[in-house]
Amino acid sequence: MRNNNMLKSAFRRFGCMMLVLAMLMPHAIQAYVSDSEMNIENAPEISETVAIVLAAMHLAGCIENGDWDAETSIVNVTPLYNIDDQITAYCVDTESSNGECGYIVVSADTEKPLIIEYSPETAMYVEGEVDEEVLYSVSSLSEEEKRVYYYGPLSYSTIKNENCENVATYGDDGNFDSANDTDEEKYDPAMAKELVLNIQSTAAQIPANIAGSGALPIDNPVEYIKFWYGGDDYKNYDYHNLDRNNEWIEPYIIAKEDTNACVLYATATIIHYWRPEWDYFNIVYRCKRIYREIWPASKDFEVPMGYHWRFVRAVLDTYDLTHWNTGSDLSAWSRGKSEISNGNPCILCIANGGGYKNHAVTAYAWTVFHVYSGTENLYLGFFKVQDGYNTKSKYVCSNFHLGDDSVIGASFVVYIS
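Residues numbered from 1 in each chain as written. Predicted model: local features only at pLDDT ≥ 70, side-chain atom pairs only at ≥ 80, totals over all residues. Heavy atoms only, no water.

(A) Molecular detail of the environment of Ala261. Locating Ala261 in the fold gives a position in the loop between strand 7 (234–241) and helix 8 (262–274). Separated by 39 residues in the primary sequence, Ala261 and Asp300 have C-alpha atoms spaced 7.6 Å apart. Once you skip the residues sitting within four places of it in the chain, Ala261 turns out to touch Ile254 and Phe301. (Helix = DSSP H or I, 4+ residues; strand = E, 2+ residues; numbered from the N terminus. Contact = heavy atoms within 4.5 Å.)

Listed below in structure tokens is the structure:
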């Protein structure tokens, strides 16, 4: 079982990357559980879970030379296929604190070098039914829509080319990680296989009901606390919930075509909370109409930074709700907690953290746990939110105890009172 103190220390050092090292991102959890149920001898040599861990190990080794920084996170994993539609590698997308997007290609075959190629500065170019001059993230292609075929380093396509041979060797490409095959240290498939089996074995020892308990976004704050801080030495200190019976806050899901419309849906949710007799989707429609009047040239529904509360104000004015006060506050935890305590759900805008990035959620409850962990005596605060991705509520943790950074990155609340 994991050493929770060690994990906590590493989490502080590596930030979001620690979630990968602990195999806790959503992609890893799914593979992680299935690995625990299968016979290791019959398992694929390199599964998606193993690829994530290998990429994290590579990242950790590259931090000192400056290729990546300590706040780098792994944001997506995409399988790469050969012309026989077999997974031949995985593209692991990364994002650094300076906004640069990189990637690591991990082989799915231990007979090949484990790290095939990587770049800390650029995303993967994918050729095919798109403008080849346009750089876009391979993560935007779901497996159901298009597969990405891998024809060797720096050669990817969404089109299966039957005239291309399956990748057997990698040659001397300049972007190939030749550190695995130098004169001093030849690549050893036997050692690679042993490493993979060790990773699979470790994953198999962790019960399925524990595997996801430290993941973000948070499904259950109690499981989250148990995972990261261990033991049972904690208690619920205080809380306030505006919708205990799940009847007042709309469990909305943002429509696919409404790109970046999180602020609009959250606005509609708060209005619907106060006016439950109004049809929720009619309110959403009005929010979209007002948005188009304000930003007619916008290609989506993203509200520019600094205009969140102004947009909410504009929507309220169309309903002649001029007596409702609106505003925003950078003190996300204290202001959000205060508004909810006074009976007002609010919009939590998260730049980065808690499992979200550039996203707005509807916060309608808060809870505080008093946690004792080793020599630490701390309080952990959680907002209960609807995030627009799932009808089930999630939780966002705000570590406001002295000496630790908030799990929520730069964030603020928009309130209506």
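Following the structure, the description resumes.
(B) Highlighting the packing of helix 9 (residues 280–294) against helix 10 (residues 308–318). Between helix 9 and helix 10, the shortest axis-to-axis distance is 10 Å and the interhelical angle comes to 115 degrees. As for the relative orientation of helix 9 and helix 10, their crossing is right-handed in sense. Where helix 9 abuts helix 10, its residues Arg286, Cys287, Ile290, Tyr291 and Ile294 lie against Phe311, Ala314, Val315 and Thr318. For the contact of helix 9 with helix 10, the residue count by class is 7 nonpolar, 1 polar and 1 charged. (Axes fitted to C-alpha atoms, helices over the stretch in contact; angles between N-to-C directions. Left-handed = near helix turned anticlockwise from the far one by under 90°. Nonpolar A, V, L, I, M, F, W, Y, C, P; charged D, E, K, R; others polar.)

(C) Geometry of unusual backbone geometry. Phi at Asp85 is positive, roughly 60 degrees, even though this residue is not glycine. With respect to the secondary-structure elements, Asp85 resides in the loop between strand 1 (73–81) and strand 2 (87–95). We note that Asp320 has phi near 60 degrees; this positive angle belongs to a residue other than glycine. Of note, Asp320 is situated in the loop between helix 10 and strand 8 (326–329).

(D) Region of the structure containing the packing of aromatic side chains. Summed over the entire model, instances satisfying the criterion amount to 20 aromatic pairs. Taking 6.4 Å as the distance between ring centres and 65 degrees as the angle between the ring planes, the aromatic pair formed by Tyr234 and Phe369 counts as edge-to-face. Highlighted residues: Tyr234 in strand 7 and Phe369 in strand 10 (residues 356–373), separated in sequence by 135 residues. For Phe369, a relative accessible area of 7% gives the class buried. On the basis of an interplanar angle of 90 degrees and a centroid distance of 6.2 Å, the ring pair of Trp295 and Tyr307 is categorised as edge-to-face. In this pair, Trp295 sits in the loop between helix 9 and helix 10 while Tyr307 sits in the loop between helix 9 and helix 10, placing the two residues 12 residues apart along the sequence. Through a chain of ring-to-ring contacts, the aromatic side chains of Tyr291, Trp295, Phe301, Tyr307 and Phe311 assemble into a single cluster. Over the ring of Trp278 we find Arg275, and its NZ or CZ is 5.9 Å from the ring centre. (Phe/Tyr/Trp six-rings, centres within 6.5 Å; stacked < 30°, edge-to-face > 60°. Buried < 20%, exposed > 50% of the residue type's maximum accessible area, 1.4 Å probe, protein only. Lys NZ or Arg CZ within 6 Å of the ring centre and 35° of its normal.)

(E) Broad picture of the environment of Leu242. Considering the arrangement of structural elements, one finds Leu242 in the loop between strand 7 and helix 8. Residue class for Leu242 comes out buried when judged on its relative accessible area of 12%. Between the C-alpha atom of Leu242 and that of Trp366, which follows or precedes it by 124 residues, the distance is 9.2 Å.

(F) Looking closely at the pairing of strand 2. Among the 9 residues in strand 2, 8 count as buried, and that is most of the element. Pairing of strand 1 with strand 2 involves 8 bridges; the strand directions are antiparallel. Each bridged residue has a counterpart across the sheet, and for Thr78 the counterpart in strand 2 is Cys91. Remark: 5 residues form the turn of the hairpin made by strand 1 and strand 2, two consecutive strands paired antiparallel; Asp85 in that turn has positive phi of roughly 60 degrees. As paired elements, strand 2 and strand 3 (residues 101–107) share 7 bridges and run antiparallel to each other. Looking at strand 3, one finds that Asp93 is bridged to Tyr103. (Pairing = 2+ DSSP bridges.)

(G) Geometry of the pattern of salt bridges. Tallied over the entire structure, the rule returns 10 salt bridges. A salt bridge links Lys357 to Glu95, with the nearest nitrogen and oxygen atoms 1.8 Å apart. Taken together, the residues span a long stretch of sequence, with Lys357 in strand 10 and Glu95 in strand 2 at a distance of 262 residues. Across the salt bridge formed by Asp219 and Lys394, the nearest N and O atoms sit 2.4 Å from each other. One end of the pair, Asp219, is in the loop between helix 6 (208–211) and helix 7 (221–229); the other, Lys394, is in strand 12 (residues 394–398), with 175 residues separating them in the sequence. A single salt-bridge network, built from bridges that share partners, covers Asp329, Arg335 and Glu339. (Salt bridge = Lys/Arg side-chain N within 4 Å of Asp/Glu carboxyl O.)

(H) Molecular detail of the state of the cysteines. With the rule as written, the count across this model stands at 0 disulfides. No disulfide involves Cys349; its sulfur sits 7.5 Å from that of Cys262, the nearest cysteine. (Disulfide = S-S within 2.5 Å.)

(I) Molecular detail of the confidence of the model for the chain. Averaged over all residues, the pLDDT of the chain equals 76, while 71% of them reach at least 70. pLDDT under 50 marks residues 1–44. Its contacts with residues more than four places away, or in other chains, come to 102 contacts. Of the regions scoring below 50 in pLDDT, residues 206–211 engages in 11 contacts with residues more than four places distant in sequence or in other chains. (pLDDT = per-residue confidence, 0-100.)

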